[in-house]
Every structure is written in C-alpha cells, then in structure tokens.
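One-letter residues, chain by chain:
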2 protein chains.
Amino acid sequence: MKALEERILKDGQVRPGHILKVDSFLNHQMDIPFINEIGKEFHRLFGHKPVNKILTIEASGIGVACLAAQYFNVPVVFAKKSQSLNIDGEMLSTKIVSYTHKKTYDVILSKRFLGPDDHVLVIDDFMANGCAALGLIDIIQKSGATLEGVGIVIEKGFQDGGQKIRDMGIDLKSLAIIEEMTDDSLTFRELDY
Amino acid sequence: MKALEERILKDGQVRPGHILKVDSFLNHQMDIPFINEIGKEFHRLFGHKPVNKILTIEASGIGVACLAAQYFNVPVVFAKKSQSLNIDGEMLSTKIVSYTHKKTYDVILSKRFLGPDDHVLVIDDFMANGCAALGLIDIIQKSGATLEGVGIVIEKGFQDGGQKIRDMGIDLKSLAIIEEMTDDSLTFRELDY
C-alpha cells in the first residue's frame, strides 16, 4: 500500500534495536481517516472470502480491526492478554511471548465467540517474529473455526514471522513489508497485490 | 440511549458481585454497526464542542473511541497501561487502580500527542468507581490540554465514579446509567439528553 509506505517514511522513526516507531499515526495516536483507508485495503484484499468475523488481539490491533470490520460488516472479537475476572471460565487460551514487553502472556478468548461455524480474518497492526499471529492461529485451530487469512499493517520482513506463517500455507498479506531497516534508512519489499 | 438499554437488557448478563457482562457486543466481541450508532450518539452529545482529539485507555475503550472519532473527524490517542519499550521517555503518567483486575496500573501517554492546544473528549466503555476516567483527567491536566467532556457507554450509577466526576463540574454523559442491579433485574436512570 503505497500511501502506507509513504506515511512510514514520513512519520516513522527508527530506533536502535530495529524498533520502528509509528506511534504518531498507528499504535498510540491513531489517524482515523488514514486507518479507514487501511481498512478498505484489507477489504480489497480479503473481501472476496467468506469472512464472518475479524479476530485481533488487544491492544493496538483493536482500532484497526474495528475500522476494517465496517467494510466487511462483521463483528470483531479481540483476544485478551490476561485473565479478567469479568470473563467466563469457558475460554480458549494460548501463550504468546512478547519480545517488546519481554514477557509471556496468557491469551484468552471466550468459546462463545469463536467456533466451527466461523470463518475468521486475523488483523493486527504489526508482525515481527509472528508470535501474536501464531497465538491467534492456535486459538482459531482450538475453536474449530476456519482461518481465511491474516492481514497485517506493517510486517518486519527481516524477521521470520511472515515466512513461518506463509510456510503454513496461510494467506498472509501485509500492507507494507520492511525488507531492511537501519538507523537511517528503510527499504520496502515489492508487493504483487 | 434507548437502543443501548434494550441491548443491555437483551444480551447483558448480571453476575454475582455486581458484575455486568456485555462481552457479546461491547468489550470482547464487538458489534461494529451497533457501536457505530454509539459513536453517532456521542457526536450528537458532544459534536458542538471544539473537540480536536479523543482520548481513551486500552484496551476495550479503543474500538468505541475509533468508531466514534469518525464522526468527529479527529485522531484518537489511547493511554497505555504499562511502560512499553517502544515508547519514548517523554511521557505523561498517572496511576489507576483496577478493581476488575485487582491491581494498580501505571498509565502513560506520550507528551507528543497531548498538549495545551488540545481540546479533548474522553471516551470509555464503562464507568464504575471512575478510576480510569479520573486517571485520564489527571493526564489531561498534566498535559495542559482542555477537557471538553467525558462520554461513557455504560455507567454503574450505583457506584460513585459518575458523581465524583460530575461534582468536579465536568460534562460527563453516559449513554446508559444503571441505577440498580440485582442478579435478576436491571433498572436504568432516566436521562434528559
């Protein structure tokens, strides 16, 4: 998505340790009209599939998923990173290692909201090592639902998450894939979609 | 908001300990067209004010804030519940006690995204004792921004958060206020807006 690549080049900040900060428009402050365009792009890429539910994970995936869901006209379900006292016992769960936060999360989703009749599109804002997406895919498999695809806003193509998920035969499409990142340069992978 | 009261009566579940579960449409699975109507209602109530930013807190406030923000045509900024390694040092911060999760959070917001020129509408999905909203109000005060109002989807009117915030002279409007809640009944406060 050219507009996304241009926005990353304009507003993204590269920090030591291959950290890309896009918190001015994507995952802290959110540019809503721009993220709506991202939602439309996900619909262009996945709208032909029988998606009846969008699955994401708290927190920064929720806004993107909700704005995208308007174009699919389906509900969003978001997995939660820690057991909440307000959540039923009947939960699907998995574990996700967050390298950003340097800890392992228990990720949970109520069985009431994901089951064998569901055709799921996973949406998230970022993919690096793929741990979050793999955790959501594990939850989908445990639920008996059908995974229709994974849509990611920004993929760090120099980390192995995307490769791992594509090697599983999953339809993963990232709107921008960063091929290389140094402290003062970014190069994007050419996309054929 | 009558449609919200009806939806709570239809799909809400009351659990021991004055817990109201609305996770089938609001804060775990999200009914996007319905939450869009909630967003329009917030705009009806606050759209006459010079709001240039919507502030919420992760996680379940984000979806409501993003859908509502479309009607205000302003960005959303969400406060984060724990220091992320991807976040700048230059942070506004406060502490919030979560009775749901039985712990105290450090809540942080980048100073780059809230300052004296901002006119802020706070949006969140729930209010009980008001700790989350009071924390966001504290952050707004520290930033020098102007608080234009607080919009809450569901307020537990039998807890004291709403009263505390209205007593501060803040324009707090909740779309549904639960006056009384027992294990088998719900009554709503009559609203004049």
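This one's a predicted model, so the numbers in the text were calculated from it and none came from an experiment.

Attention shifts here to the pairing of strand β11 (residues 185-188) of chain A. Residues and elements named next belong to chain A. The alternating pattern of β11 places L186 and F188 on a buried face and S185 and T187 on a face that is not buried. Strand direction decides the pairing type here: strand β10 (residues 172-182) and β11, joined by 4 bridges, are antiparallel. Each residue of the ladder has a partner; that of T182, found in β11, is S185. Between β10 and β11, which pair antiparallel one after the other, the connecting turn spans 2 residues.

Let's shift gears to the interface of chain A and chain B. The interface is formed by 46 residues belonging to chain A together with 46 residues belonging to chain B. Carbon and sulfur atoms supply 57% of the area buried between chain A and chain B, which totals about 3600 Å² over both sides. In this assembly, chain A and chain B are joined by 2 salt bridges. With its nearest N and O atoms 2.7 Å apart, the salt bridge here joins D23 of chain A to R112 of chain B. Our count for the chain A to chain B interface comes out at 15 residue pairs in polar contact (both at pLDDT 80 or more). Elements that contribute at least two residues to the side of chain A that touches chain B include exactly β1 (13-15), β2 (19-21), β3 (29-30), α2 (32-46), α3 (60-72), β5 (76-79) and β7 (103-110) of chain A. Considering every element that reaches the side of chain A that touches chain B, the biggest residue donor is α3 of chain A, with 7 residues. Tallied by class, the residues present in the side of chain A that touches chain B amount to 20 nonpolar, 17 polar and 9 charged. Where β5 of chain A meets strand β3 (residues 29-30) of chain B, 2 bridges bridge the pair, whose relative direction is antiparallel. Residue V76 of chain A lies in a different strand from β3 of chain B, and its bridge partner there is M30 of chain B.

It is worth spelling out the packing of aromatic side chains at this point. All names here are of chain A. Tallying each qualifying case throughout the model produces 2 aromatic pairs over all chains. Aromatic pair F25 and F34: ring centres 5.8 Å apart, planes at 85 degrees, arrangement edge-to-face. Both residues of the pair, F25 and F34, belong to the buried class. Geometry around Y193 places K173 over its ring, the cationic atom sitting 5.9 Å from the centre.

For these two chains of identical sequence, chain A goes onto chain B by a turn of 180 degrees and a shift of 0.0 Å along the axis, with RMSD 0.0 Å. The symmetry that links the two subunits is that of a two-fold axis. Here 100% of the interface residues in chain A have copies in chain B that are interface residues too; the copies meet face to matching face.

Here the focus is the side chain of S174 of chain B. All names here are of chain B. Here S174 is to be found in strand β10 (residues 172-182). Exposure remark for S174: the relative accessible area of 0% places this residue in the buried category. Side-chain polar atoms of S174 contact the side chain of E155, separated by 2.6 Å. Beyond its immediate stretch of four places on either side in the chain, S174 contacts I152, V153, E155, R166, L191 and Y193.

Moving on, we come to the sheet that holds strand β4 (residues 53-57) of chain B. In spatial order, the strands read β3(A)-β5(B)-β4(B)-β8(B)-β9(B)-β10(B)-β11(B); together these 7 strands make up an open sheet with mixed pairing. The sheet is open, and its two edges are formed by β3 of chain A together with β11 (185-188) of chain B, each paired on a single side. Where β4 of chain B lies against strand β5 (residues 76-79) of chain B, 4 bridges are found, and the strand directions are parallel. In the strand pairing of β5 of chain B, T56 of chain B is matched with F78 of chain B. Helix-sheet contacts for helix α3 (residues 60-72) of chain B involve β3 of chain A together with β4, β5, β8 (119-127) and β9 (146-156) of chain B, and the interaxial angle to β4 of chain B is about 170 degrees.

Turning to the environment of G162 of chain B, a few remarks are in order. Residues and elements named next belong to chain B. One can find G162 in helix α5 (residues 161-167). Overall, the relative accessible area of 0% leaves G162 in the buried class. Expressed as a C-alpha distance, the spacing of G162 and I152, which sit 10 residues apart in the sequence, is 9.7 Å. Beyond its immediate sequence surroundings of up to four residues, G162 is in contact with M127, A128, E155 and L172.

The next point concerns the nonpolar core. Counting residues in each nonpolar core, the largest one holds 79 residues, and the members touching the most others are L4, F42 and I54 of chain A together with L4, F42 and I54 of chain B. Not counting chain neighbours up to four residues away, the residues in contact with L4 of chain A comprise F25, F34, I38, V153, I154, L175 and A176 of chain A.

The next subject is the packing of α2 of chain A against α3 of chain A. Residue and element names in this part refer to chain A. Taken N-terminus to C-terminus, the directions of α2 and α3 make an angle of 50 degrees; their axes are 8 Å apart at the nearest point. In terms of orientation, α2 lies oblique with respect to α3. As α2 packs across α3, the resulting crossing turns out to be right-handed. Of α3, the residues touching α2 (which contributes I32, I35, N36, I38, G39, K40, F42, H43 and F46) are V64, L67, A68, Q70, Y71 and F72. Class assignment for the residues of the contact of α2 with α3 results in 10 nonpolar, 4 polar and 1 charged.

Rules of the game
Starting afresh in each chain, residues are numbered from 1 along the sequence in its written order. Lettering of chains starts at A and numbering of ligands starts at 1, both following the order in which they are written. Per-residue local features of the predicted model are confined to residues with pLDDT of at least 70, and side-chain atom pairs are confined, for both listing and counting, to 80 or more; whole-chain, interface and lining totals are unaffected and use all residues. Computation of side-chain values: all heavy atoms of the structure, hydrogens and water removed. Burial classes: relative accessible area under 20% of the type maximum marks a residue as buried, over 50% as exposed, and values in between as partly exposed (1.4 Å probe, protein chains only). Secondary structure elements follow DSSP: runs of H or I no shorter than four residues count as helices, runs of E no shorter than two count as strands, and numbering proceeds from the N terminus. Note: two strands are recorded as paired if DSSP finds a minimum of 2 bridges between them. In this description, contact between two residues means that some pair of their heavy atoms is separated by no more than 4.5 Å. When two parts are put together, the accessible area they lose, computed with a 1.4 Å probe and summed over both, is reported as buried area. In the sections that follow, a salt bridge refers to a side-chain nitrogen of Lys or Arg positioned within 4 Å of a carboxyl oxygen of Asp or Glu. Any pair of nitrogen or oxygen atoms within 3.5 Å is treated as a polar contact; in protein, a donor-acceptor pairing is required on top of that, and neighbouring residues in sequence qualify only through side-chain atoms on both sides. Just so you know the grouping, Ala, Val, Leu, Ile, Met, Phe, Trp, Tyr, Cys and Pro go in nonpolar, Asp, Glu, Lys and Arg go in charged, and all remaining residues, Gly too, go in polar. Under the pairing criterion, centres of Phe, Tyr and Trp rings, with the six-membered ring standing for Trp, must be within 6.5 Å; the plane angle then separates stacked pairs below 30 degrees from edge-to-face pairs above 60, leaving the rest tilted. Any Lys NZ or Arg CZ that is within 6 Å of a ring centre and within 35 degrees of that ring's normal is treated as a charge sitting over the ring. The superposition of copies rests on a least-squares fit of C-alpha positions from residues with pLDDT of 70 or more in both. Here an angle of 0 to 180 degrees is reported between the N-to-C directions of two axes, which are lines fitted to C-alpha atoms, with helices fitted over the stretch in contact. Residue types Ala, Val, Leu, Ile, Met, Phe, Trp, Tyr and Cys, when buried and joined through side-chain atoms within 4.5 Å, form a set referred to as a nonpolar core. Under this scheme an angle from 65 to 115 degrees is roughly perpendicular, one under 35 degrees roughly parallel, and one over 145 degrees roughly antiparallel; angles in between are oblique. The hand of a helix crossing depends on one turn: near helix anticlockwise from the far one by less than a right angle means left-handed, and clockwise means right-handed.

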